[in-house]
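Architecture at a glance
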Amino acid sequence: MKFWHKVLLFSLINSLVFNPNYLAFANPEIEIEPETTLTNKIISSGAIRVSVSYQPPNFDNPESMDDRNFSYQIFYNNKKQVEAKDFTMMTGGVTLKDLDSNGTDEVIVRTFSGGAHCCTNFIIYTWQDNQFIKTETGFLDGGAGNFEDLNGDGKSEFLTFDNSFLYAFSSYAGSFPPTIIYTFNNGNFEPVTRNYPKVLRETLQQMYQSIRQGQKENYEVNGVLAGYVAQKILLGEYEDGWKFMLANYDKSSDWGLDIYDSNGNVIDQYTDFPTALKAFLIEQGYLDKNGNPSANKK
Ligand SMILES: [Ca+2]
Ligand SMILES: [Ca+2]
């Protein structure tokens, strides 16, 4: 297990064991496990009721596999408002939780696509102006992220990381993407990453340790350095981060140097990692088109 995987595992265990919100079990929840079968299982909270059905995929008979094996209906005051079918395997679920602290629970649907490092999607239904508004995080690596009230105002933030950094300059295990934090407001996710410098700095410290560990073990460091520079941009310390990257990057690695055309064919190569990283940071909006740190990246 690579260093930052250990760190993630540790923080996951930590959040399960030490998070008092989790221990309170306050939120109605249906949890799907590998062998779970559900037929119209109900959870409810106030005016909201959800009925959930699930059949695990049958891998022995792939022909007959239902790619819409997870279905749910959402009611408001006993009137059916949403009927949806989706796919999930191994894990998934539905949780009722008031993410925006307006007195009405959101319906949080979690699906998992399967695959080695992939992918969780959160689908959120929020009751606004007499209808459910739907929003999604989109498929995100692994567990995707978690909802947590970071500033104690009663509204949940969604903590995740920038999936575009995975595999960009190293293997999956050698990648350490920068943090993204959203707040959930009026049915939408709004990026508020820069409002949480303490959280950013904690992850930055883990990145730093991961780079030092990688150097000690002669392991990939460029993927972590890419994340490190981006995290420094979010902290308003781009120049400092860039200098650190220049002093520490692995000149022998050619991962991420290829330049592709729109059809995915290699047409050229960047001369070195810093040049490739700069282009990538511009592409992802961390730097503006002139290569200066972008205040728009939130
Ligand atoms: Ca709410
Ligand atoms: Ca909050």
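Residues numbered from 1 in each chain as written. Chains lettered and ligands numbered in written order. Predicted model: local features only at pLDDT ≥ 70, side-chain atom pairs only at ≥ 80, totals over all residues. Heavy atoms only, no water.

Read from one edge of the open sheet, four strands run β2-β3-β4-β5, paired in antiparallel fashion. Of all the strands in the sheet, just β2 (38-45) and β5 (79-86) have a single pairing partner and so form its edges. With strand direction ignored, the average angle separating the axes of adjacent strands in the sheet is 15°. For β2 and strand β3 (residues 48-54), the ladder comprises six bridges, and the chain directions are antiparallel. From the neighbouring strand, S44 faces β3, where its bridge partner is R49. (Pairing = 2+ DSSP bridges. Helix = DSSP H or I, 4+ residues; strand = E, 2+ residues; numbered from the N terminus. Axes fitted to C-alpha atoms, helices over the stretch in contact; angles between N-to-C directions.)

Moving on, we get to the coordination of the calcium ion (ligand 1). Donor atoms from the polypeptide that bind the calcium ion (ligand 1) are D98 (OD), D100 (OD), N102 (OD1), T104 (O), E106 (OE) and E106 (OE), placed at 2.2 to 2.5 Å. Taken together, the six donor atoms surrounding the calcium ion (ligand 1) define angles of 52 to 173° at the centre, an arrangement classified as irregular. As a motif over one chain, the donors of the calcium ion (ligand 1) read D-x1-D-x1-N-x1-T-x1-E. Judged on exposure class, the residue D100 and its partner E106 are both buried. (Donors = N, O, S within 2.8 Å, 3.2 Å for Na, K, Ca; no water. Tetrahedral: all angles 85-135°; square planar, octahedral: opposite > 155°, others 65-115°. Buried < 20%, exposed > 50% of the residue type's maximum accessible area, 1.4 Å probe, protein only.)

This next bit is on the domain arrangement of the protein. In terms of domains, the protein is made up of domain 1 (24-144) and domain 2 (199-283). Computed from C-alpha atoms alone, the centre-to-centre distance between domain 1 and domain 2 is 36 Å. (Domains from an automatic or database assignment.)

Scanning the entire structure with this criterion turns up seven salt bridges. Here E136 makes a salt bridge to K134, at a shortest N to O gap of 3.7 Å. A relative accessible area of 48% means that K134 is categorised as partly exposed. Among the ionic pairs, R201 bridges to E237, the shortest N-O distance being 2.9 Å. (Salt bridge = Lys/Arg side-chain N within 4 Å of Asp/Glu carboxyl O.)

Turning our attention to the pairing of strand β15 (residues 266-269). Where strand β14 (residues 258-260) and β15 come together, three bridges link them in antiparallel fashion. Residue pairing across strands places Y260 opposite V266, the latter belonging to β15. Counting the residues in the hairpin turn of β14 and β15 gives five residues, including G264, whose phi is positive at 85°.

Those protein atoms acting as donors to the calcium ion (ligand 2) are D149 (OD), N151 (OD1), D153 (OD), K155 (O), E157 (OE) and E157 (OE), and they sit at 2.2 to 2.5 Å. Considering all six donor atoms around the calcium ion (ligand 2), angles at the metal cover 53 to 177° and the coordination shape is irregular. For D153, a relative accessible area of 40% gives the class partly exposed.

Attention now moves to the packing of helix α3 (residues 197-216) against helix α4 (residues 222-234). Between α3 and α4, the shortest axis-to-axis distance is 10 Å and the interhelical angle comes to 155°. On the basis of the axis angle, α3 is roughly antiparallel to α4. As α3 runs across α4, the sense of the crossing is left-handed. Contacts between α3 and α4 involve L200, T203, L204, M207, Y208, S210 and I211 on the former and, on the latter, V224, L225, G227, Y228, Q231, K232 and L234. Residues of the contact of α3 with α4, tallied by class, amount to nine nonpolar, four polar and one charged. (Parallel < 35°, antiparallel > 145°, perpendicular 65-115°, else oblique. Left-handed = near helix turned anticlockwise from the far one by under 90°. Contact = heavy atoms within 4.5 Å. Nonpolar A, V, L, I, M, F, W, Y, C, P; charged D, E, K, R; others polar.)

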